[in-house]
Structure formats: structure tokens, C-alpha cells
Amino acid sequence: MTDQHTDSTRAVVDNDVSLDTGGAGDLHVVKRRGRAGSTIRSIIKHILMIAAALLMIYPLLWMLVSSFRPTDEIFRDSGLLLTGLHVENYTEGWNALQYPFSRYLINSVILVLGCILGNVISCSLAAYAFARLKFKFKNIFFAIMLLTIMLPMHVIIVPQYIMFSQFGWLNTFLPLILPKLLATDAFFVFLMVQFIRGLPKELDEAARIDGCGHWRIFFNVIMPLMTPAIATTVIFTFIWTWNDFFSSLIYLTKPDMFTVPIALKSFLDSTGGSNWGAMFAMSIVSLIPVFLVFLFGQRFLIRGIATTGIK
């Protein structure tokens, strides 16, 4: 009887072990299938993202390829394969206009530097006032400032043009740079306000105990901590000003004052033949500064937008 009981107990244990082993095996199979499914979904997602990226950059790649083609062959082929390198487009485009293309690049650089300096100084000061100072009607002024973001520039371009014309500032960079010194870009003011509000006020109080006034607090405490927001302002100002065509077209009419967008427009002629090859070549040249600024500043750009958005 004892031997039979022992044998039956051993059989039950063996059955339980086999069931546990089978359950563990099934669980392992389920996990492996889940990982395989997750890998397949990840591969499909990356393939779709790569296809979308190629679709978005195709026009840029086509323009780059077309800059090495003769003008009469550019619109005959929409592919990206080159049969030869027509580098003459770059030399012709550089000297095709009344002045060398370097003149227009220098004009754009001067305009961009002035706008960047104006936005960084004026917008940061206005942001500090809204974020740290206490004065009457501050909330009302801040709301009015935000409302100006929704105001199209075409609404104010005519009165501005009349005013600057009476000042004798046409065909100068003053109408394009001077408004930046008055914190007219409400987007950057709002961005910096949000960033400053996220900084601890204990830093201001500690500096005030040491005898610092608002100017020293701003320049010695707040400004060094605003690097991401300032970098974001610099990058956006550079890109928007470098690519600005409408404002430059309104105020700059002399060829020696043309910026890069107006110079590129000069390659097109509605009454005769347009030099598309030279225009595409100079367009590639004009994109290089934008690409380099975004390439080296994207780390600060991401930090500035992220830290401002969560405040």
C-alpha cells in the first residue's frame, strides 16, 4: 500500500511539473511572438518615416541636382540622376546680376545681425519687465502685446511705409532693423516671459540682498540663465529675416541694397528668358547659412522650446 501511494504521489508531481513546464514554454512563446510583432511594427514605422522624409526633401534634392544642369534641360527631367556636371551655373549666377552675389549676401548678413541684436536686447528687457516687475495695468499691456501676434503685418505696412518715407529712410536698413529695437516681435517676448517665470525668484531675492538693482539682476542673474530662450530667438530671427522677401521688397528698391531673396527674384524675367540654372545655383548658396545655423543651433532650439513650453 505504501509503495502504491508513493508511486501515485510521484506521478501526480511529475504531471504537475510537466504542466508547469508546458505553461512556462507557452508563456515564452507568447513573449517571443510579442517581441517579434513589436519589431515588425517598429520596422514598418521607420520605413514610413523614411519615405515621408524623402518625400519632403525631394524638392530640395531636385533643386540641388538642377543647379548642375543646363537651363534648357532642367524641366525636361524630374529625376535625380545627373548625366554631367554643369558647374557654369554657379559662376554665371555669381556674376549674372548688376553686382556680384556676394554683395547681396553681405546685405542680408548686415540686416540679419541688426535684427538679431534688436530682438535679443529689446525682447529680453520687455520680458523681464512683464515677468518680474510690478506696475499698473501690467496684465492689460501683456494681453495687448499678445493680441499683436494675431495682427497681420499687411495691415500696418502702409502707415509704416508712409512714416518711414517721411523720415527719409527708404533704401536703408533702418525700416527693417529699427522696429526690432522696440520689441515689436511679441512672439519672442512671450517666449522669454514664459522662460523667466520658470526661474526661481529666490535668485532675485538673493541678488537684491547683495545690493543688486534690477539692471544687475537682469544682466548678471537672469541673462546667463536665458541661454536656451535667447538661442531660440536668434535662430528664428535669423531664418525669418534671411528669408524675408516682402518687407525687403517694399523698402529696398535700389539694386545695391538688395538682399538675397530679392536678388534671387531678379533671375526671373516675365517678358523674356529666365536663368533657372543660375537661380537654382544661387538658391543653394543662400541655403547654406540657414542649414549651418540650424545644424549647430538645433540643440539650443530644442531646449529653448521644451523648457519654455512646460513652464
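Note that the coordinates shown come from a computational prediction; the quantities given were computed from them, not determined experimentally.

Some thoughts on helix α7 (residues 186-197)
The end-to-end C-alpha separation of α7 is 16 Å, in line with the 16 Å expected for 12 residues at 1.5 Å each. Most of α7 is tucked away, with 9 of its 12 residues classed as buried. All of the buried residues along α7 are A186, F188, V189, L191, M192, V193, Q194, F195 and I196.

Things to note about the packing of aromatic side chains
Applying the stated criterion across every chain yields a total of 24 aromatic pairs. Pairing F188 with W240 gives two aromatic rings, centres 5.5 Å apart and planes at 35°, and the pair type is tilted. Of this pair, F188 sits in helix α7 while W240 sits in helix α10 (residues 227-242), placing them 52 residues apart in sequence. Here F188 falls in the buried class, since its relative accessible area comes to 0%. Every member of this aromatic cluster is reached through a ring pair, and the members are Y161, F164, F167, W169 and Y251. A cation sits over an aromatic face here: R103 above Y99, 5.0 Å from the ring centre. The ring of F142 is capped by R197, whose NZ or CZ atom sits 5.2 Å from the centre of that ring.

Cut-offs applied
- Residues numbered from 1 in each chain as written.
- Predicted model: local features only at pLDDT ≥ 70, side-chain atom pairs only at ≥ 80, totals over all residues.
- Heavy atoms only, no water.
- Helix = DSSP H or I, 4+ residues; strand = E, 2+ residues; numbered from the N terminus.
- Expected span 1.5 Å × (residues − 1).
- Buried < 20%, exposed > 50% of the residue type's maximum accessible area, 1.4 Å probe, protein only.
- Phe/Tyr/Trp six-rings, centres within 6.5 Å; stacked < 30°, edge-to-face > 60°.
- Lys NZ or Arg CZ within 6 Å of the ring centre and 35° of its normal.

Coordinates in, geometry out; function isn't part of it.
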